[in-house]
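# Structural description and commentary
Chain by chain, the residues:
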Amino acid sequence: MGILVDSNTKVLVQGITGKQGSFHTKQMLEYGTKILAGVTPGKKGENVHGIPVFDNVSEALEVFPEINASIIFVPAPFVADAVYEAIDAGIKLIVIISERVPIHDSLKFINYARYKGCTIIGPNCPGIVTPPNTKLGIMPNNLFKTGNIGIISRSGTLTYEVAFRLLKGSLGISTAVGIGGDPIIGTDFIEMYDLFLKDKLTSAVVVIGEIGGDMEERLADYYSKLKNKKPIVAFIAGKSAPEGKRMGHAGAIISMGIGSAASKIEKFKEAGIPVADRPDEIPLLLKSILSR
Amino acid sequence: MKLYEYEARQLFTEFGIPVNKWILARDIREVIEKSSGLSFPLVVKAQVLVGGRGKAGGVKIVRDKDELKSAAEKILQMRIKDEPVDSVIVAEAVDIKKELYLSIILDKSQRAPLILASTEGGVDIEEVAKSDPSKIIRIRVDPFVGVRDYIVRKIENFLKVRNINKILNGLYGVFTKYECELAEINPLAITPDDQLIAIDAKVLVDDSSIFRNTRFKDRKTPEFSYYEEIARKFGFSYVEQEGDIGIIGNGAGLTMTTMDLVQYFGGKPANFLDIGGGANSEIMYNALSILLEQERIKGVFINILGGITRCDEVASGIIKAIKDKGITKPIVVRMIGTNEELGKRMLKEVGIDTFDDMENAAKQIVSLIYNK
């Protein structure tokens, strides 16, 4: 159980021969992920950690028709092409790790994916992990152990931080999804939360937000109107961030008064969602909620 | 990347959006020479990237040559919120019957361009959105469909104007061709003879598109300070703040949280510096050097969660920076993950405290700096 990916997920790696693609293919294989094939144009016939490389996605799918997800590591200028290729080949789940993808590219391929019924996670995200053995992402393998807590996050290393806290607090993870740090991303908090609602394994969800945009506020509104809900514990990064400056992530900017940490925290609290001041409070809040 | 008004005006003109007649001048001689073809009254506008130039006195209406000279002289010597004014626009003042608002933004929740139009122009649109949202119309544009005639009709009916097609399509053209996050006309003036004219122009271009956008590729970015420029060359995300505790983290969310914790325990973060994933010794050396050189920074808190980043690499970069710079400021390091034990041992040998959790590390740096 868990959401989006599990041991039935059969994975294609686009950009498998690159430094990042190759390194993380090894890590994902060690975690137990079922990677069947990789694609790098012009590198047909090679193999990376025993995984065969194809020139294009449809050739890979001819040999491995059971492939049902792709993870993309190609450099930003080539991401759009890789995504369209995967969508047109019929893949229904695409995780985009690459950073600095032009926003107008994302805008188009995300809309295209929606017309075609394809789910996109990212760009600029750490990926998805469903412990104990399925990871389409770049998170450190040793921090993600099985349990009943879902994680949805706009951040990478902060997700690992929370996983580390849960591990120390003897809590495990159903699925952790890093949805990405860009202004325009494939899937948002509400859509992920909905999936966790339907997941039998998940009993509570940690939402890791940050400054910029209004995704946290919309989740808070949505949550307060729901009849059947699973508890959320929230954390917001960027409480000390100045207005008008991008804090690393392209999406992390307080602009025209919108997207401040204070507004997000207030909205969560109004909706009855506890917000941790510090990462070490997250496991404590979870335990107190789950023991009710 | 935010464009100057004059750059945005040039784009508008290229895409057929009418703007009031204007010239750009970098000194007083140019102001006088170039504005000879314009008819008074004129408006002198400081060209800066920070907002609020009007309130800061950076926009003046002038009625004759003397007024023009003194206003332009004054504005060209100004600093607006620390930004020096290097140039001014001199534009013909427009007779205005009514001011409207028109923009195209990237809408994060709808994942599409969104047209915003309002009958209330010349004011902060966020204020209108709060005080009277019924005065704003929002129309989503499918990026594969573009601005169709029905959208133009809707906007025209809402604004009660009849000739916005060319302007709206021009603005959408700028927005898509130059991969904008925002293309805004505020105000869009209606003249007494019912012409529509853009009298201000604001354009934000997506930074991640610059590599293929030759027009802005080599553009200088005066938004950045000296150290911000250095950090940018190293490929770091770096933002300066007013405090005195230097911050280095890996990953944007973790680095922000590191700053937040310093503030939580009563310290003042001096900066945001994200060294990204997979940093090696050299990257850490460069990052720490930038902070150690700055006198205002009294100590540094380094927070590394090593996945692909190796703690021993981080440690060797830290040690090298301290030795090279010969600076003794308190440094506190929190590191966990790959090769953690080795990294910690290396740092201990040179007398640097290391921590497993960032709360204790944050407390430690705050107490070292302020003797709390």
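Residues numbered from 1 in each chain as written. Chains lettered and ligands numbered in written order. Predicted model: local features only at pLDDT ≥ 70, side-chain atom pairs only at ≥ 80, totals over all residues.

### Overview of the overall build of chain B
Helix and strand content of chain B: 13 helices and 18 strands. Along the three orthogonal principal directions, the C-alpha set of chain B runs to about 80 × 50 × 40 Å. A fraction of 68% describes how many contacts in chain B between residues 6 or more apart in sequence connect residues 24 or more apart. (Helix = DSSP H or I, 4+ residues; strand = E, 2+ residues; numbered from the N terminus. Contact = placed C-beta atoms within 7 Å.)

### Things to note about the overall build of chain A
A count of helices and strands for chain A gives nine helices and 14 strands. If you line up chain A on its principal axes, its C-alpha atoms span 55 × 40 × 30 Å. By the burial criterion, 58% of the 292 residues in chain A qualify as buried. Contacts spanning at least 24 positions in sequence make up 71% of the contacts within chain A whose residues lie at least 6 apart. (Buried ≥ 20, exposed ≤ 12 C-beta atoms within 10 Å, placed from the backbone.)

### A short note on the domain arrangement of chain B
Split by domain assignment, chain B resolves into domain 1 (21-92), domain 2 (98-217) and domain 3 (226-370). Between the C-alpha centres of domain 1 of chain B and domain 3 of chain B there is a distance of 44 Å. (Domains from an automatic or database assignment.)

### Let's talk about the environment of B:Ile319
All names here are of chain B. Within the secondary structure, Ile319 is located in helix α11 (residues 311-325). When the C-alpha atoms of Ile319 and Lys98 are compared, they prove to be 64 Å apart, with 221 residues separating the residues in sequence. Ile319 has contacts with Met346 and Val350, leaving out every residue within four places of it along the chain.

### Overview of the interface of chain A and chain B
Across the boundary between the two partners, chain A contributes 47 residues, which contact 42 residues of chain B. Of all elements in the fold, only α3 (76-88), α4 (103-115), α5 (157-168) and β12 (204-210) of chain A reach the threshold of two or more residues within the side of chain A that touches chain B. Ranked by residue count, the leading element in the side of chain A that touches chain B is α4(A), at six residues. Among the residues forming the side of chain A that touches chain B, the class breakdown is 23 nonpolar, 12 polar and 12 charged. (Nonpolar A, V, L, I, M, F, W, Y, C, P; charged D, E, K, R; others polar.)

### Concerning the sheet that holds strand β3 (residues 47-48) of chain A
Residue and element names in this part refer to chain A. The strand order across the open sheet formed by seven strands is β3-β4-β2-β1-β5-β6-β7, and the pairing between neighbours is mixed. Strands with a single pairing partner mark the edges of an open sheet, and in this sheet they are β3 and β7 (119-121). Along the sheet, helix α1 (residues 19-31) contacts β1 (10-14), β2 (34-39), β3 and β4 (51-54); its crossing angle with β2, the most-contacted strand, is approximately 165°. (Pairing = 2+ DSSP bridges. Axes fitted to C-alpha atoms, helices over the stretch in contact; angles between N-to-C directions.)

### What to know about the sheet that holds strand β9 (residues 134-137) of chain A
The seven strands lie next to each other as β9-β8-β11-β10-β12-β13-β14 (chain A), forming an open sheet whose pairing is mixed. Two strands in the sheet have a free side with no partner beyond their single neighbour: β9 and β14 (275-276) of chain A. Sheet strands in contact with helix α9 (residues 252-264) of chain B are β12 and β13 (232-237) of chain A, and its direction is about 80° off that of β13(A).

### Topic: the domain arrangement of chain A
Residues and elements named next belong to chain A. Assigned domains of chain A: these are domain 1 (10-121) and domain 2 (127-290). The C-alpha centroid of domain 2 is placed 25 Å from the C-alpha centroid of domain 1. With 21 residues of domain 1 in contact, the opposing surface of domain 2 contributes 17 residues. A per-class count over the side of domain 1 that touches domain 2 returns 14 nonpolar, six polar and one charged.

### A closer look at the nonpolar core
By size, the foremost hydrophobic cluster in this structure holds 196 residues, and its most contacted members are A:Ile72 and B:Leu171. Element by element, the count of residues in this core is highest for helix α10 (residues 281-292) of chain B, at eight residues. Among residues more than four places away in sequence, those in contact with A:Ile72 are A:Gln14, A:Gly15, A:Val79, A:Ala82, A:Val83, A:Ile94, A:Val95, A:Ile96, A:Ile97 and A:Ser98. Judged by nonpolar contacts, the second largest core, of 19 residues, contains B:Ala25, B:Leu76, B:Ile89 and B:Val90. (Core = buried A, V, L, I, M, F, W, Y, C linked by C-beta atoms within 7 Å.)

### What about helix α8 (residues 261-270) of chain A?
Residues and elements named next belong to chain A. Among the residues making up α8, those that are buried are Ala261, Lys264, Ile265, Lys267 and Phe268. Angularly, the buried residues of α8 cover 160° about the axis, an arc narrow enough to put them on a single face. Projecting away from the buried face of α8 at angles above 90 degrees are the exposed residues Ala262 and Glu270. Gly272 sits one or two residues past α8 and shows a positive phi near 80°. (Arc of directions from axis to C-beta.)

### A short note on the pairing of β13(A)
All names here are of chain A. In terms of burial, β13 is a largely internal element, six of the six residues being buried. Side chains of β13 alternate between two faces, with Ile232, Ala234 and Ile236 and Val233, Phe235 and Ala237 buried alike. In this fold, β12 hands off to helix α7 (residues 215-225), which returns the chain to β13; that crossover is right-handed. (Right-handed = clockwise from strand over helix to strand, strands pointing away.)

### Overview of unusual backbone geometry
Omega for the peptide link from A:Gly122 to A:Pro123 comes to 5°, which places this bond in the cis form. If you trace the backbone, A:Pro123 turns up in the loop between β7 and β8 (127-130). A positive phi angle, near 65°, is found at A:Leu4, a position not held by glycine. Looking at A:Leu4, the number of C-beta atoms within 10 Å reads 21, which means it is buried. You will see that B:Asp194, though not glycine, has its phi angle at about 60°, which is positive. The residue B:Asp194 is located in the loop between β10 (180-190) and β11 (196-198) in this model.

### Notes on the packing of α9(B) against helix α13 (residues 358-370) of chain B
Helix-helix packing: each pair is described by the crossing angle between the helix axes and the interaxial distance. All names here are of chain B. Between α9 and α13, whose axes approach to 9 Å, the crossing angle comes to 55°. One finds that α9 runs oblique with respect to α13. The element α9 and its partner α13 pack so that their crossing is right-handed. On α13, the residues that touch Thr258, Leu261 and Val262 of α9 are Met358, Glu359, Ala362, Ile365 and Val366. (Parallel < 35°, antiparallel > 145°, perpendicular 65-115°, else oblique. Left-handed = near helix turned anticlockwise from the far one by under 90°.)

### Describing the environment of B:Tyr226
Topologically, B:Tyr226 is positioned in helix α8 (residues 226-234). In this structure the C-alpha to C-alpha distance between B:Tyr226 and B:Ser134, which are 92 residues apart in sequence, comes to 45 Å.

### Structural notes on α11(B)
Side chains of residues three or four places apart in an α-helix project in the same direction, reflecting 3.6 residues per turn. Given a rise of 1.5 Å per residue, 15 residues ought to cover 21 Å, and the 21 Å separating the end C-alpha atoms of α11(B) matches this to within 8%. If you check which residues of α11(B) are buried, you get B:Cys311, B:Asp312, B:Glu313, B:Val314, B:Ala315, B:Ser316, B:Gly317, B:Ile318, B:Ala321 and B:Ile322. (Expected span 1.5 Å × (residues − 1).)

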